[in-house]
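The primary structure of each chain is shown beneath.
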Amino acid sequence: MCGIVGYTGQDKAAEILVSGLKRLEYRGYDSAGVALEDRGPDGDAVLDVIRRVGKVAGLESELAARHLPATCGIGHTRWATHGRPTQSNAHPHTSCDGRIAIAHNGIIENFAELREELASRGHVFKSETDTEVFAHLIEEAYEGSAAAGIPATHDLMAAVREACTHVVGAYGLAAVCVDEPGVIAVARKDSPIIIGRGERGSYVASDVIALIDATRDVVVLEDGQFARLAPEGITYTDDQGEQIEPAVTHIDWDVDMAEKGGYPDFMMKEIAEQPRVVRDTLVGRLAGTGELDIDELGLTFEELNLVDRVYVIACGTSYHAGLIAKNLIEGWARIPCEVEAASEFRYRNPIITPSTLVVAVSQSGETADTLAAIRDVRIKGAKVFGITNVVGSPVARESDGVIYTKANKEIAVASTKSFIGQVVSLTLLAMLLGQVKGKLPRGQTRMLFRELGDTAAQIQRILDTRAEAVGQAAAACKDAPSALFVGRGMGAAVSHEGALKLKEVSYLHAEAYAAGEMKHGPIALIDPGFPVIAVATRSAVYDKVVSNLKECEARGAKIIAVATEGDEDIKQIADHVIYIPEVRDAFSAITATVPLQLLAREVALLRGCDVDQPRNLAKSVTVE
């Protein structure tokens, strides 16, 4: 999954597809490809399918060299879910005879069953992806299948509708067929699809930014709707094939705003993308047996079972994700885990043995301190596992295994969605170590995995309902000279990230402490009106957090609490409460982080700061 572009009209499709794919590069991807209508040596219609691992620029160079005249085609940038980032797994995928090609975003949940059925009827698969199933289903519907009892439609749009009836899961789909030149068939369920009509043709994309140069009037396809694109126009139908007239949306954003998806800044856009990050990072990670399935693992279960110590090394926000991982790894796998700043780790001669696992966490995958630490521990014989957002990055290349966070490209300097992706990825690693060590039975793993997936909807609920509470809390902080963040357990780890976000984007000084440490020094800072931001969600240490907050209240602190929905008692000591849904304490860091991100952004805006490009900071730190 990642980005889809399609065009049919009067102009050269290759140029339009490449331009659209470049516009979608910000979403992140590992490979790119196109399928273009052409004529073979004998004059017969064929599809030219060109796919490349890596950047769109490589694909662009090859297409430019070929001078392809096609005026219809589809393109795709892929972020691997099923199958590794390889040329054979890149989209578009084709039918057995190569006469149908498709680009697909989403996940086919029943692909294994469908693949087995199709293979039994003679279909030959050329990739490891779930997507390829769609190409063969469409082929069967188009040509007919006596074995499956499916009559031939010889109609691409009808064949796509039929194929969709067999699929369980999410899809944004664009298909072309050599027997219907100039036609693109499009379908949508739970994965965005945008359709547009320009002066010189018809367009489809997964994101409006890819269409904005061609048209400002677009149709956002709804679930269960289909579209047939042709050079002369577009026809929309429902799942029964009945023609419909969907609403047209006028886009009045400029390109910069289109990249922001209509949000006022990239930070807010990326905060809003976090439910998708959770879902995408988890896609395909749990096998039907209840075992975790990580394609990029790179280490055998036998090697993982020998691990007797874990170091998480990281910088900044990634370091705070490591603090959360420490709680989970020690709790579920019962392995000692230490979290260290990568900039210090390599200089203190840590104890490293062949049974040590070093987990390197870096959003960009190119953080200089983290890379230097990786190289040192590899020399000493440790196994290295990377958590990064960038496929093929130095951290990924120099690690024995990797989990990609699937956050797509993050533009705002202050990390938000990448942090959530890191926490989810590290949670998967902790669960995997727990399984390998025999501490987490399969049934418990399935339950935890399901609850972890539920945090996507819980984050969305926070985003949809807590703006007013966040705004009121921000107004109470904006003129303060400093602030304290406190919590216990998971709340303490989250507090460190909350304090960093506030410092990064608002320039308001903030520090984080385990709540029990307040009376050992920091409480001396508190005078009337001093903001204390507390992570006070329900947990085994909730009462102790409340007790610590009462100490702050007695000294006049202005208390802002992130608390669990239904907790009315917290209102007795907190001036402002931001409620979040109740979750297992192991996953509370994921949901509790979101209001702190929103709070930091709102305080920064009230103080007139640029939330996307804070002063003195860079997105990637590539020097020590």
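The coordinates are above.
Quantities reported herein were computed from a predicted structural model and do not represent experimental measurements. (Residues numbered from 1 in each chain as written. Predicted model: local features only at pLDDT ≥ 70, side-chain atom pairs only at ≥ 80, totals over all residues. Heavy atoms only, no water.)

Novice: What exactly am I supposed to notice about helix H4 (residues 132–143) here?
Specialist: Spacing of three or four residues puts side chains on the same side of an α-helix, whose turn is 3.6 residues. For H4, built from 12 residues, the straight-helix expectation of 16 Å at 1.5 Å per residue is met to within 8% by its first-to-last C-alpha distance of 17 Å. By the criterion of burial, H4 is predominantly enclosed, with 11 of the 12 residues buried. Within H4, the full set of buried residues consists of Glu132, Val133, Phe134, Ala135, His136, Leu137, Ile138, Glu139, Glu140, Ala141 and Tyr142. As for H4, its buried residues are in contact with strand S5 (93–94), strand S6 (100–108), helix H3 (111–120), helix H5 (156–164) and strand S7 (169–177). Backbone geometry just downstream of H4 places Gly144 in the positive-phi region, at approximately 90 degrees. (Helix = DSSP H or I, 4+ residues; strand = E, 2+ residues; numbered from the N terminus. Expected span 1.5 Å × (residues − 1). Buried < 20%, exposed > 50% of the residue type's maximum accessible area, 1.4 Å probe, protein only. Contact = heavy atoms within 4.5 Å.)

Novice: Got a minute to help me understand the packing of aromatic side chains in this structure?
Specialist: Within a pair of aromatic rings, the relevant descriptors are the distance that separates the centres and the angle that separates the planes. Taken as a whole, this structure holds 4 aromatic pairs when the rule is applied. Considering the side-chain rings of Phe134 and Tyr171, the 5.4 Å spacing of their centres and the 85 degrees angle between planes classify their relative orientation as edge-to-face. Placement of Phe134 in helix H4 and of Tyr171 in strand S7 is noted, with a sequence separation of 37 residues between them. Residue class for Tyr171 comes out buried when judged on its relative accessible area of 6%. (Phe/Tyr/Trp six-rings, centres within 6.5 Å; stacked < 30°, edge-to-face > 60°.)

Novice: How should the pairing of strand S10 (residues 201–205) be read in this particular structure?
Specialist: Along a regular strand, successive side chains alternate from one face of the sheet to the other. Among the 5 residues that make up S10, 5 are buried, leaving the element largely enclosed by the rest of the structure. Pairing of strand S1 (residues 2–9) with S10 involves 5 bridges; the strand directions are antiparallel. Along S10, the bridge assignment pairs Val5 with Ala205. The sheet contact formed by strand S9 (residues 194–198) and S10 spans 5 bridges and is antiparallel. Following the sheet pairing, Arg197 is matched in S10 by Ser202. (Pairing = 2+ DSSP bridges.)

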